[in-house]
Amino acid sequence: MLFRSRDEVATAHLKFGRLHEAAGRVEPAKASYLRAIETLEETRAALSGSDNRLTFFARRLAPYEALINLLLRGAQGAQGASGVGKLGAAAAIIEAFKLSERARARGLTDFLVRQGTAPVQPDPVQSVVKSLDEGAMLLQYFIGAEQSHVFVLERGKAPRAVALDARRDVVTAAVQRFRRPFEEVKIKARTSGAAASAYLASAASFDMGAARELYEQIGRAHV
């Protein structure tokens, strides 16, 4: 009952956030989305077993997506401005990137905490940028139910976020079609006891149409 109650509280905060956002009240919307996220993470932390936590979390990404989209819309409005406007855009993109990392890292964090080896979390943007070679570029995707983005990080440059014309259900279906021949290779190898390499030739005829569809959705961003 406690978990259901917290879930309902998170849902209420999410709805309040959307109402604030629809009315143009950005800061109250951000606060409501954050409260929804914090409530869900408190609930998830109380669950036992990493599988239960992952299952719980996978179905409750809406507050993360809502806040990321809100931040990036604000960043797009500030881009092209000068002075504080550009700084504000960069700060919003960094905040959205951190939120994406926060959503992505829950499973690993849970595991490390259980092992008693959870490290102090460094700033994810600085950590990534410092690890990049000169001229290298890191692309990180956040695929949402309605709106998706790719974050672009480069050393010595302000972070960017590029909107993608892609939805999670469509991308998931394209990935499944693209991977199907390779999954069949694994199944054949498992059932026959032979090495997977014995069946790789059959994977060479994978669906080019599926590959092209996937590229059009997530690989063709103008970064």
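As the structure is a prediction and not an experimental result, all values here were calculated from the model.

Cut-offs applied
- Residues numbered from 1 in each chain as written.
- Predicted model: local features only at pLDDT ≥ 70, side-chain atom pairs only at ≥ 80, totals over all residues.
- Heavy atoms only, no water.
- Core = buried A, V, L, I, M, F, W, Y, C linked by side-chain atoms within 4.5 Å.
- Buried < 20%, exposed > 50% of the residue type's maximum accessible area, 1.4 Å probe, protein only.
- Helix = DSSP H or I, 4+ residues; strand = E, 2+ residues; numbered from the N terminus.
- Pairing = 2+ DSSP bridges.
- Axes fitted to C-alpha atoms, helices over the stretch in contact; angles between N-to-C directions.
- Expected span 1.5 Å × (residues − 1).
- Bend = angle between axes of the 7 residues up to and from the residue.
- 1 Å grid on protein atoms, 1.4 Å probe; cavity = no way out; pocket = protein on both sides within 12 Å on 5 of 7 lines; lining within 4 Å.
- Points joined across faces, edges and corners; volume = space filled by probe spheres on them.
- Nonpolar A, V, L, I, M, F, W, Y, C, P; charged D, E, K, R; others polar.
- Salt bridge = Lys/Arg side-chain N within 4 Å of Asp/Glu carboxyl O.
- Polar contact = N/O pair within 3.5 Å; in protein donor to acceptor, adjacent residues only side chain to side chain.
- Arc of directions from axis to C-beta.

Caption draft 1: Layout of the nonpolar core. Formed by 28 residues in total, the largest nonpolar core has its most connected members in Y33, L67, I68, L72 and F151. Every element with two or more residues in this core is listed here: α2 (26-46), α4 (62-78), α5 (84-104), α7 (124-131) and β2 (148-154). The dominant element in this core, judged by the number of residues it contributes, is α4, at eight residues. Membership of the second largest hydrophobic core comes to nine residues, among which are V152, A166, V171 and I218.

Caption draft 2: View of the sheet that holds strand β3 (residues 160-164). As summarised here, the arrangement of the three strands in space is β1-β2-β3, forming an open sheet in which the pairing is antiparallel. Strands at the two margins of the open sheet, each flanked by one partner only, are β1 (137-142) and β3. In this sheet, adjacent strand axes meet at a mean angle of 25° when their direction is disregarded.

Caption draft 3: Up close: helix α8 (residues 168-192). For α8, with 25 residues, the first-to-last C-alpha span of 35 Å sits near the 36 Å given by 1.5 Å per residue. Taking the largest bend as the criterion, α8 deviates by roughly 45°, centred on R180, and proline P181 comes between one and four positions later. Taken together, the buried positions of α8 are V171, A174, P181, V185 and A189.

Caption draft 4: Focus on the layout of surface pockets. If you add up the space inside the second largest pocket, you get close to 160 Å³. L61, S100, A103, R104, Y141, F142, I143 and R168 are the residues that line the second largest pocket. Residue assignment for the lining of the second largest pocket shows that the elements contributing at least two residues are α5 and β1. Residues belonging to the lining of the second largest pocket are distributed by class as follows: five nonpolar, one polar and two charged.

Caption draft 5: Up close: the pattern of salt bridges. In total, this model carries ten salt bridges according to the counting rule given. Taking the shortest distance from any N to any O, the salt bridge between R177 and E213 comes out at 2.7 Å. Taken as a pair, R177 in helix α8 and E213 in helix α10 (residues 208-219) lie far apart in primary sequence, 36 residues in all. For R177, a relative accessible area of 29% puts it in the partly exposed group. What makes E213 partly exposed here is its relative accessible area of 26%. Look at the salt bridges and you will find they share partners, linking E27, K30 and E95 into a network.

Caption draft 6: Structural view of the side chain of E154. By the secondary structure assignment, E154 is in strand β2. Within polar-contact distance, the side chain of E154 engages the side chain of R160 at 3.1 Å.

Caption draft 7: Local environment of the environment of Y64. Looking at the secondary structure, you find Y64 in helix α4. Y64 gets classed as buried once you look at its relative accessible area, which sits at 0%. Residues Y64 and Y33 lie 31 residues apart in sequence; the distance between their C-alpha atoms is 7.5 Å.

Caption draft 8: Up close: α10. Taking 1.5 Å per residue as the helical rise, α10 with its twelve residues ought to reach 16 Å, whereas the 14 Å between its terminal C-alpha atoms falls clearly short. Within the span of α10, buried status applies to A210, A211, L214, Q217 and I218. Considered in projection along α10, the buried side chains sweep an arc of 135° and stay on one side of the axis.

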